[in-house]
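Residue-level structural notes
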Amino acid sequence: MSGLPKRQRVAAYAVILRDGAMLLSRLAPTVTPDELWTLPGGGLDHGEDPRDAVIREIREETGLDAVVGETARVYSAHLPGVWRDGRRVDAHALRIVYEGWVSPDAPAPQVLEVGGSTMAAAWQPVEAVLDGTVPAAPMVLEALADHRPFRHQRLGAYALVRRGDAVLLTRISERGFHTGSWTLPGGGVGHGESPRSAVLRELREECGVDGTIGELVAVHDDHFSGTAPSGRYEDFHAVALAFGVSIDDAVEPALAEVGGTTDAVAWVPVAEIESGERPVLDLVREALRRP
């Protein structure tokens, strides 16, 4: 094989995961007569940045606008004697694989390029790829084995506001991971922001009321993996600080946030929480257990 023409190709791809599925492109018959799925991506144009290339290729092959992470893995494959453009060559493939994500409300994928190397795009179940039900290129399995979700640790501050036998709660919208569950008003602490200031700010943003902050009543943490509001699949660790907060009896909280992770505000009887009738996050129960 040493006398074959040498071909070296640099390409960029992305592992894009969402809700137990991954975005894949099916190779066209001009590449392989058999059904074979691969990562969205492709060759770099001369002088093109790899990050720009993978975003362009994802757009061409799936019709979706993607965001890619800051780091990547590089895979090298020496393929002597493979067919390229109707002849055998001594090929060397360098593949730069990023983590990528698309908006949760992105439309169904569809191929935009005409006459390219792919004929279809789809979200395929990860389990089906791993067990071979969905025939995938070796690069897909290699990239999946090496993939590690983005690790995100978040500090949040929350308000425990009680009125009689009820507690003020907010419901998590479709933009949040625990959609439909109820939690305490609150959210992420901004860089350089004190947790106490964050509690009052979040209470105002979500419920439209001002409060007076009291003592720290609970510290809770939660660790899970899932799709973030951005569409990125994350290994998420939430650390929550719950403070006692009082509000004026003359004011009535109401939903003030539009298009965020909160879609309802209500005074919820504690009895509904204790009976399990009202679905709440563990943070709520932890805070209510404290005097």
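Analysis parameters
- Residues numbered from 1 in each chain as written.
- Predicted model: local features only at pLDDT ≥ 70, side-chain atom pairs only at ≥ 80, totals over all residues.
- Heavy atoms only, no water.
- Phe/Tyr/Trp six-rings, centres within 6.5 Å; stacked < 30°, edge-to-face > 60°.
- Helix = DSSP H or I, 4+ residues; strand = E, 2+ residues; numbered from the N terminus.
- Buried < 20%, exposed > 50% of the residue type's maximum accessible area, 1.4 Å probe, protein only.
- 1 Å grid on protein atoms, 1.4 Å probe; cavity = no way out; pocket = protein on both sides within 12 Å on 5 of 7 lines; lining within 4 Å.
- Points joined across faces, edges and corners; volume = space filled by probe spheres on them.
- Polar contact = N/O pair within 3.5 Å; in protein donor to acceptor, adjacent residues only side chain to side chain.
- Pairing = 2+ DSSP bridges.
- Axes fitted to C-alpha atoms, helices over the stretch in contact; angles between N-to-C directions.
- Contact = heavy atoms within 4.5 Å.
- Core = buried A, V, L, I, M, F, W, Y, C linked by side-chain atoms within 4.5 Å.
- Nonpolar A, V, L, I, M, F, W, Y, C, P; charged D, E, K, R; others polar.

1. Some remarks on the packing of aromatic side chains
Counted according to the given criterion, the structure contains two aromatic pairs. Ring geometry for Phe177 against Phe224: centres 4.8 Å apart, planes inclined by 15°, an arrangement best described as stacked. With Phe177 in the loop between strand E10 (166-172) and strand E11 (182-183) and Phe224 in strand E13 (residues 212-227), the pair connects residues that are 47 residues apart, well separated along the chain. Since its relative accessible area comes to 39%, Phe177 is described here as partly exposed. Between the aromatic rings of Phe224 and Phe236, the centroid separation amounts to 5.3 Å while the plane-to-plane angle is 50°, which identifies the pairing as tilted. Pair noted here: Phe224 is in strand E13 and Phe236 is in strand E14 (residues 233-246), with a separation of twelve residues, a long-range link.

2. Things to note about empty space enclosed by the protein
With the rule as written, the count across this model stands at one cavity of 30 Å³ or more. By volume, the largest cavity is sized at about 40 Å³. Taken together, Val15, Ile16, Leu17, Glu99, Gly100, His147, Pro149 and Tyr233 form the lining of the largest cavity. No other element matches strand E1 (residues 6-18), which puts three residues into the lining of the largest cavity.

3. Overview of the side chain of Thr118
Assignment of secondary structure puts Thr118 in strand E7 (residues 118-125). A polar contact of 2.9 Å, which involves the side chain of Thr118, links it to the side chain of Glu113.

4. Concerning the sheet that holds strand E8 (residues 150-160)
Within the open sheet, the four strands sit side by side as E12-E8-E14-E13. Their pairing is mixed. Looking at the sheet topology across the chains shown, the edges are occupied by strand E12 (186-188) and E13. This sheet shows a mean twist of 20° between the axes of neighbouring strands, independent of strand direction. Taken strand by strand, helix H6 (residues 282-289) contacts E8, E13 and E14, and its axis lies near 155° from that of E13.

5. Structural notes on the pairing of E14
Buried residues dominate E14, accounting for ten of its 14 residues. Bridging between E8 and E14 involves eleven bridges; their strand directions are parallel. Across the sheet, residue Leu160 finds its bridge partner in E14, namely Gly244. Counted along the chain from E13 to the antiparallel partner E14, the turn is five residues long, and its residue Gly231 has a positive phi close to 100°.

6. Description of the environment of Arg56
Positionally, Arg56 belongs in helix H1 (residues 50-62). By relative accessible area, Arg56 is classed as partly exposed at 21%. Considered as a pair, Arg56 and Ala66 are ten residues apart in the sequence and their alpha carbons are 8.9 Å apart. Within the structure, Arg56 has its side chain in polar contact with the backbone oxygen of Gly43 (distance 3.2 Å).

7. Some thoughts on the nonpolar core
Counting residues in each nonpolar core, the largest one holds 21 residues, and the members touching the most others are Val15, Met22, Leu24, Leu39, Val97, Val129 and Val140. Every element with two or more residues in this core is listed here: E1, strand E2 (21-27), helix H2 (126-130) and helix H3 (138-146). Other than its neighbours up to four places away in sequence, Val15 contacts Met22, Leu39, Val97, Tyr98, Glu99, Gly100, Ala143 and His147.

8. Side note on the layout of surface pockets
Reported here for the largest pocket is a volume of approximately 1,100 Å³. Lining the largest pocket are 34 residues; nearest its centre among them are Arg9, Tyr13, Val31, Arg84 and Arg95. Among the elements of the structure, E1, strand E4 (41-43), H1, strand E5 (66-84), strand E6 (87-102) and H3 are those that each provide at least two residues to the lining of the largest pocket. If one sorts the elements of the lining of the largest pocket by residue count, E5 sits on top with six residues. Residue classes in the lining of the largest pocket are distributed as 13 nonpolar, twelve polar and nine charged. If you add up the space inside the second largest pocket, you get close to 800 Å³. Taken together, 36 residues line the second largest pocket, and the ones lying closest to its centre are Arg154, Tyr158, Ile172, Phe236 and Thr261. At the level of elements, E8, E10, E12, helix H4 (195-207), E13, E14 and H6 are the ones that each hand at least two residues to the lining of the second largest pocket. Looking at the lining of the second largest pocket element by element, the count peaks at six residues for E13. Looking at side-chain class alone, the lining of the second largest pocket contains 14 nonpolar, 14 polar and eight charged residues.

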